[in-house]
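# Architecture and fold: a report
The primary structure of each chain is shown beneath.
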Amino acid sequence: MSSPNDMLFVLSLVAPLLIAVWHLFYQQPPDSLPGPYRTRLPILGNVLEVSYFAIVHSRADLFFDYVARRFGSFARVWFPAVGRGIVVTDAVAIRKILGGGSEGRMFARSEYVPVMAKDMTEYVMSTLPENTMIWKKHRKTISPAFSPSYLRRAHSIAHSACTKLMSKWLHRFPAVQADQISCVTVDSRDLLTIVLELTTRTMFSFDLNLIPADPNETMTPEARDFMSSIRWTVQFFVTRYAIPRPFWSLAGVGKADVDIRKAAIFRILDRAIDVKNYNKPSDETQLEARSRFDTSLDLLDRLLQAPAAENDEDPDGFTAEEVRGAQIGLLLGSLDTSFGTLQLALLELSSIPDLQARLASEIVDINTLSFGDNQSLRLHNAVIKETMRLNTIVPFVPRTAVRDLLHPEAFGLPRGTKIKKGDTAFLNFAGVHTSERYFSEPHKFDPERWLADDASSLPFFAFGDGATECVGKKQAMNTMVVVLAHIMARFIVSLGVKRDDVKIEYGSTLAISKLPLNLTLRRVLDE
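Anyway, here's the lowdown on the structure attached to this text. Residue positions within a chain follow its written sequence, with the count starting from 1. Local features in this predicted model are restricted to residues of pLDDT 70 or higher, and side-chain atom pairs are both shown and tallied only at a pLDDT of 80 or more, whereas totals for entire chains, interfaces and linings draw on every residue. As a rule here, side-chain values come from all non-hydrogen atoms in the structure, and water together with hydrogens is ignored.

## Some points on the sheet that holds strand β7 (residues 491–495)
Selection rule: Any two strands with at least two DSSP bridges between them are considered paired. Counting from the N terminus, the helices are the DSSP runs of H or I reaching at least four residues and the strands are the DSSP runs of E reaching at least two. Note on geometry: axes are lines fitted to C-alpha atoms, helical ones only across the stretch in contact, with angles between N-to-C directions running from 0 to 180 degrees.
The three strands are arranged β4-β10-β7 in an open sheet whose pairing can be described as antiparallel. Each end of this open sheet is capped by a strand with a single partner; those strands are β4 (183–187) and β7. Each strand axis lies, on average, 35° off the axis of its neighbour in the sheet, ignoring direction. Alignment of β4 against strand β10 (residues 516–521), held across five bridges, turns out to be antiparallel. If you follow Thr185 over to β10, its bridge partner there is Asn518.

See the structure below:
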C-alpha cells in the first residue's frame, strides 16, 4: 500500500506536467482577440473576476464593463457554465448579432434557460431561444396586440392607477398653512403596484385592486402575496442561472420552494383565464372574426382564442402551459423595465431640482393628460431614455451560436474571429451606452442629448434591437412617462437617505432594494 508521502511525491511530479499541458494546449485562445481568457483559471475560468464585482460592488455585470475598458470592443472570456465566450461592446456587431447577418440567424438564447425555468414554467417568452417554433408563434400572436387602441387603453389605466397612488401619497400630508412647507417620506416600491396593476389590467383585463381607491384602505392579503411571489420569481431565475443544479434547493430555489410561490401566482392567472373563458364567444365563426378584427382584444385574449395545441411545435395554437408561460413572461418583463427604470430616474432627478421644475412646466394639466400628450412631453421622454442609457436595466444579454460561424465579418466581428457552435456572445449593452466612442461625457446624466438633432443616430439597446426588440417597448415608455409626469406635477423629490447609502444591485436586472423618497408639495413651494 502506498504511503501518503509516496502519493505526495507522485503528485508533486504530475502537477507541473498538468499545468504545462494546460498552458500549452487548453490555455491558448482560438484566435488573436485579447481578453481575460488568456489568464483564466483551470475549471473556474473567469468566475473569480466576476465574483469580485458581485461581492465587492453587488454588480456582477460590472465585469463586462471592466473587460470593455481594458481590452476593447471584442474580448475573449471563459465560464464553466457556458464555456468559451466573447464580450461584444460594439454597436454595429450587436445589431447584426441580434438581427441576423447574411448567413441568417446565427445566435439565439441558450437552450439551457427554459430547462432552468421548467419548475415554474418553461415557456416564458423572454427565456425561449429565438430560433424555436414556440418563440416564433408567441411573437407572431402577441405583437399585433400593441395597437394604438390598446396603447390608449393602457394610458388610461396608467393614468387612473397613478391618480390613486398620488391620492394615497397626498393623504399622508398634514394640513398646512399656505406659507408652510410640508414633507413626507414614501417608499419607491409603491411604484411597483402601478406597474403590476397596469400589467394585469391591460394585458389580462383583470383587476387585482392593488391600489385601493380609498387611501385609507390597504392591499388585500391575496394581492400582497401575488406581488411578493412575482418579485421572488425574478430572483428565482437569477439564482438558478448563477449556481449549479445540485445546489438549487440549498439556495431556496428548489422544486418545493417553487411550488409554494407559483401556487400564489397561478391562482391569480387561472382566475384571469376563467373570466376570459366565461365570456368567450361560443360560435366558432364569431370567434374567428373577433380574433381577426377586434382591436380591443388584449394579449390574453389572443393567446386563448388561438386554436388549442397538443404540443409546442404546433405553428398556430397554444397549450395551457404555454399561455401561463406567456403571462408570467409579460409580468416579469414589465417588472424588469418599468419599475426599475422609474426608481433610477427618481434617483437621478433627486439631486437636480431645476430639471424637476422644467419637467413640471412641461405639464399643462395632469388631470387631463391624454395618450396624445405623451409624445409632446419631450423632456419626460428624454429623462426616461437617459436613465435607461446611463443605468441600463438589462446591462448585457448572452446569445449562443447555433452553428459554426464561417464569416464573422458579416456579423460585425473582426476578421479571423473563431466562433464555434455553442460559443456565447455576451452583448454588452451598458458598455456601449457608456462608451466615449458613442457618447460625449458618457457618465454624465444629460437628457438633453436625446433632444439634439443627431439623437436618432445614437445607439440605444435598452429594449434590445431588431426582430427581437421588446414587443412592449411603446407601452413601457408610455407608462414610465405617465408615472413620472404625475409625480413631477405634484411633488419635488429628494432622497430620504444619503446618495452614498443608495445601493444599485444587479440580479437579472439593475434594481434598488430600498429607495426612500422625500416628497414636498410643489404647489406650496410655487406659492
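## A few points about helix α14 (residues 353–361)
What sets the pattern is the α-helix's 3.6 residues per turn: residues three or four places apart point alike. The criterion, for reference: Residue burial is assigned from relative accessible area. The probe radius is 1.4 Å, only protein chains are included, and a residue is buried under 20% of its type maximum, exposed over 50%, and partly exposed in between. Directions from the helix axis toward the C-beta atoms define the arc.
Along α14, the residues that are buried comprise Leu355, Gln356, Leu359 and Ala360. Relative to the axis of α14, the buried residues are bounded by an arc of 145° and lie together on one face. Relative to its buried face, α14 has exposed residues pointing more than 90 degrees away, namely Asp354 and Ser361.

## Notes on the nonpolar core
Just so we agree on the cut-off: Among buried residues, the Ala, Val, Leu, Ile, Met, Phe, Trp, Tyr and Cys ones that are joined through side-chain atoms within 4.5 Å form a nonpolar core.
Counting 140 residues, the largest nonpolar core has Val88, Leu191 and Ile487 as its most contacted members. Phe53, Phe64, Val77 and Phe396 belong to the second largest nonpolar core, which has 10 residues in total.

## Quick look at the packing of aromatic side chains
Using the following cut-off: Paired rings are identified among Phe, Tyr and Trp, the last through its six-membered ring, by centres lying within 6.5 Å, and are further divided according to the angle between planes into stacked (under 30 degrees), edge-to-face (over 60) and tilted (the rest).
Counting across every chain of the model gives 17 aromatic pairs. Ring plane angle 70° and centroid distance 5.5 Å describe the contact between Trp450 and Phe460, whose orientation is recorded as edge-to-face. Of this pair, Trp450 sits in the loop between α16 (429–433) and α17 (473–490) while Phe460 sits in the loop between α16 and α17, and the two are 10 residues apart along the sequence. Both residues of the pair, Trp450 and Phe460, count as buried.

## A short note on the environment of Arg84
The criterion, for reference: Should any heavy atoms of two residues lie within 4.5 Å, those residues are considered in contact. Identification of polar contacts relies on pairs of N or O atoms within 3.5 Å, with a donor-acceptor requirement for protein atoms, meaning one able to donate a hydrogen and the other able to accept it, and with residues adjacent in sequence counted only if both atoms are side-chain atoms.
Mapped onto the secondary structure, Arg84 falls in strand β2 (residues 83–88). Among the residues examined, Arg84 registers a relative accessible area of 18% and is labelled buried. Contacts of Arg84, omitting those with residues within four sequence positions, involve Pro30, Tyr37, Arg76, Val77, Trp78, Lys418, Lys420, Asp423 and Thr424. At a separation of 2.8 Å, a polar atom in the side chain of Arg84 contacts the side chain of Asp423.

## Section: the side chain of Thr233
Tracing the chain through its elements places Thr233 in helix α9 (residues 221–242). For Thr233, a relative accessible area of 0% gives the class buried. From its side chain, Thr233 meets the backbone oxygen of Ser229 in a polar contact 2.8 Å long. Those residues in contact with Thr233, other than ones at most four positions away along the chain, are Met120, Ile265 and Leu332.

## Overview of the packing of α14 against helix α15 (residues 378–390)
In plain terms, the rule: Orientation categories follow fixed angle ranges, with anything under 35 degrees roughly parallel, anything over 145 roughly antiparallel, 65 to 115 roughly perpendicular, and all other angles oblique.
At a minimum axis distance of 8 Å, the contact between α14 and α15 shows a crossing angle of 135°. Classified by the interaxial angle, the pair formed by α14 and α15 is oblique. Here Leu355, Arg358 and Leu359 of α14 come into contact with α15, specifically with Leu379, His380 and Val383.

## As for a nonpolar patch on the surface
We count it as follows: Distance thresholds for patches are 9 Å for like charges and 5 Å for nonpolar side chains (Val, Leu, Ile, Met, Phe, Trp, Tyr), applied to residues having over 30% relative accessible area and no salt bridge. Only the protein chains shown count as covering a residue, and every accessible area follows the Shrake-Rupley method with a 1.4 Å probe. Only one rule defines a salt bridge in this text: a Lys or Arg side-chain nitrogen within 4 Å of an Asp or Glu carboxyl oxygen.
Together, Leu41, Ile43, Leu44 and Leu48 make up a nonpolar patch on the protein surface, roughly 370 Å² of accessible area in all. Structurally, Leu41 can be placed in the loop between α1 (4–26) and α2 (47–57). Residue Leu41 is classed as partly exposed on the basis of its relative accessible area, which comes to 34%.

## Points about the sheet that holds strand β3 (residues 107–108)
Judged by pairing direction, the sheet is mixed, and its five strands sit side by side in the order β1-β2-β6-β5-β3 without closing on themselves. Two strands close off the open sheet at either side, each with one partner strand: β1 (74–79) and β3. Pairing of β3 with strand β5 (residues 396–401), which is carried by two bridges, proceeds in the antiparallel orientation. Bridging across to β5, Ala108 finds its partner in Thr400. Set on the sheet, helix α4 (residues 91–99) makes contact with β1, β2, β3, β5 and β6 (424–428); between it and β6 the angle comes to about 125°.

## Remarks on the pattern of salt bridges
Going through the model one piece at a time under the given rule, you end up with 22 salt bridges. Between Asp61 and Arg59 there is a salt bridge, and its shortest N-O distance comes to 2.8 Å. With relative accessibility at 15%, the residue Arg59 sits in the buried group. As a salt-bridge pair, Asp423 and Arg84 come within 2.8 Å of each other at their nearest N and O atoms. Here Asp423 is found in the loop between β5 and β6, whereas its partner Arg84 is found in strand β2, with 339 residues between them in sequence. Residue Asp423 shares its accessibility class with Arg84, and that shared class is buried. Counted as one network, the salt bridges with shared partners bring together Lys164, Glu197 and Arg201.

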